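What the coordinates show
Here is how the chains run, residue by residue.
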Amino acid sequence: MAAENPQTTQNTVLVAVFAALIAALGLVPPITVGIIPVPITLQTLGVMLAGALLGPVRGMLSVVVLEVLVLAGLPLLAGGRGGLGVFLGPTGGYVLGWIPAALVIGFLVQHWALRQARPAARFAAVLLSTVVGGIGVVYAFGVPWTAVVAGLPLSTSLLGSLVFVPGDLLKAVVATAVALNVHRSYRRLLGGVQTTSR
Amino acid sequence: MTGASPAGPLAAVPAGPKFAVLFLASIALYAVPGLPAQIGFFVLAVAAVLLTRTPLPRLARMLAGLFLVVGIVAVTLVLTTGWEAAAVSALRLLSLCFLAYAVTLSTAFSEMLALFETLLRPARHLGLNPAQISLALSMTIRFIPEIRTQYLAIREAQFARGLHHRPVAVLVPLLVRTLESAQEISAAIDARCYDSAPPGPRPAPPVSD
């Protein structure tokens, strides 16, 4: 099956290149969006894009590859963090949550959002997918993790995480705009999806 | 990328046992109650980190974020449940992270990857191809500086056009270029017949030794 299929190598390369992209987005200076003066780091944006552009399996695998390298000790997370301590620490759940997040985003985008016919509906659907995966799923892992590891009540942990919601919503909007733009020029990326009406 | 190669007595211990100790310690930290036990664990964890002989400024930079989060957690717990619970919780978190950092700092990156490859070997039966996995891992490391340079170059160009605060204007060209280079690379790899065969018995090498 795989031996005769040149697709295998191409998929591996796509997974690796996106893992590198997520890592690189954590190493570049933070970006300011529009008139909002607060700089945002781009790493979660990379996770959202991996899911939205590569689909569930390849998107998830690129996050896995990145996290294996982080686990092995490379300082690839935003702020130069890396090593085992990142996963065992109080915010480890958020980092682990990226894996299912990319899976969920990829699944929703490929099988539901990109099939919307009207551009406005498609934008809204992709945005909803990235919000569900990139915020809902990530926090569903991160909030209880912090609560258990730090011995905090769940409600306190949840309240603390709310600080990051506005920034993450902003990233979801940016990820949606970028993903739709790239899908327009690369229609084969998610296997014959109809992204017409340009 | 992680700087100097690990030194100190812990570097001589193979990665496997270190992971096993870390795993057991993480269970013990939660299973053993009481402040005295946590203080004992904490002293051991600090000793483990110091044994890696990491320069203190570098250690401080690595741990600054951790101290901030633990500080917030401790203050919250002092206010809600009392100082003893706060101390136990903060000490436990710090011990756990210190031990983890001790493992990371005393193990070479290549040794870690070798351990993962050993652990992944059974995955061959699930249809995962070890050759593809190591290709992905090494290619990722190779490409991080490349993509970072490209990002900075594109950002500079868009700055010159006055597109300061338009992340879309930077990210779309970056992604399109990345996807294009991914296509070129996979074509080049296939042209060189890199092993992407499915897991299973390999054909015998043409030249015997």
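Residues numbered from 1 in each chain as written. Chains lettered and ligands numbered in written order. Predicted model: local features only at pLDDT ≥ 70, side-chain atom pairs only at ≥ 80, totals over all residues. Heavy atoms only, no water.

Under the annotation held in an unreviewed UniProt entry, chain B carries the name Cobalt ABC transporter and is attributed to Kocuria turfanensis. As recorded by UniProt, the Subcellular location (unreviewed entry) comment attached to chain B reads in full: "Membrane". (UniProt positions renumbered as here; feature names shortened; annotations may be inferred.)

**Examining the interface of chain B and chain A**
Counting from both sides, the interface comprises 56 residues of chain B and, opposite them, 61 residues of chain A. Around 5,300 Å² of area is buried between chain B and chain A when both sides are counted, 80% of it from carbon and sulfur atoms. Across the chain B-chain A interface, the total number found is zero salt bridges. Summed over the shared surface of chain B and chain A, the number is four residue pairs in polar contact (both at pLDDT 80 or more). Elements with a contribution of two residues or more to the side of chain B that touches chain A: helix 1 (15-31), helix 3 (56-80), helix 4 (83-105), helix 5 (109-120), helix 6 (130-160) and helix 7 (167-191) of chain B. Along the lines of polarity and charge, the residues of the side of chain B that touches chain A split into 41 nonpolar, 11 polar and four charged. (Contact = heavy atoms within 4.5 Å. Buried area = accessible area lost by both parts, 1.4 Å probe. Salt bridge = Lys/Arg side-chain N within 4 Å of Asp/Glu carboxyl O. Polar contact = N/O pair within 3.5 Å; in protein donor to acceptor, adjacent residues only side chain to side chain. Helix = DSSP H or I, 4+ residues; strand = E, 2+ residues; numbered from the N terminus. Nonpolar A, V, L, I, M, F, W, Y, C, P; charged D, E, K, R; others polar.)

**What about the packing of helix 3 of chain B against helix 4 of chain B?**
All names here are of chain B. Running from N to C, helix 3 and helix 4 cross one another at 160 degrees; their axes reach a closest spacing of 9 Å. With respect to each other, helix 3 and helix 4 are oriented roughly antiparallel. Note that helix 3 runs across helix 4; the crossing there is right-handed. In this structure, helix 3 contributes Arg58, Leu59, Met62, Leu63, Leu66, Phe67, Val70, Ala74, Leu77 and Val78 to the contact, and helix 4 contributes Trp83, Ala85, Ala86, Ser89, Ala90, Leu93, Leu94, Cys97, Phe98, Tyr101 and Leu105. For the contact of helix 3 with helix 4, the residue count by class is 19 nonpolar, one polar and one charged. (Axes fitted to C-alpha atoms, helices over the stretch in contact; angles between N-to-C directions. Parallel < 35°, antiparallel > 145°, perpendicular 65-115°, else oblique. Left-handed = near helix turned anticlockwise from the far one by under 90°.)

**Here we look at the side chain of Thr44(A)**
All names here are of chain A. Topologically, Thr44 is positioned in helix 2 (residues 43-54). Thr44 gets classed as buried once you look at its relative accessible area, which sits at 14%. Once residues within four sequence positions are removed from consideration, Thr44 is found in contact with Trp98, Asp168 and Lys171. (Buried < 20%, exposed > 50% of the residue type's maximum accessible area, 1.4 Å probe, protein only.)

**Some remarks on the domain arrangement of chain B**
Each assigned domain of chain B is listed here: domain 1 (15-107) and domain 2 (117-192). A separation of 35 Å is found between the C-alpha centroids of domain 1 of chain B and domain 2 of chain B. (Domains from an automatic or database assignment.)

**Topic: the UniProt feature "transmembrane region" (unreviewed entry) in chain B**
Residues and elements named next belong to chain B. UniProt's feature table lists "transmembrane region" (unreviewed entry) at residues 20-51, 63-81 and 93-116, given in the numbering used throughout. A distance of 26 Å separates the end C-alpha atoms of residues 63-81, which is 95% helix and 0% strand. Annotation note: span residues 93-116, helix share 88%, strand share 0%, distance between end C-alpha atoms 25 Å.

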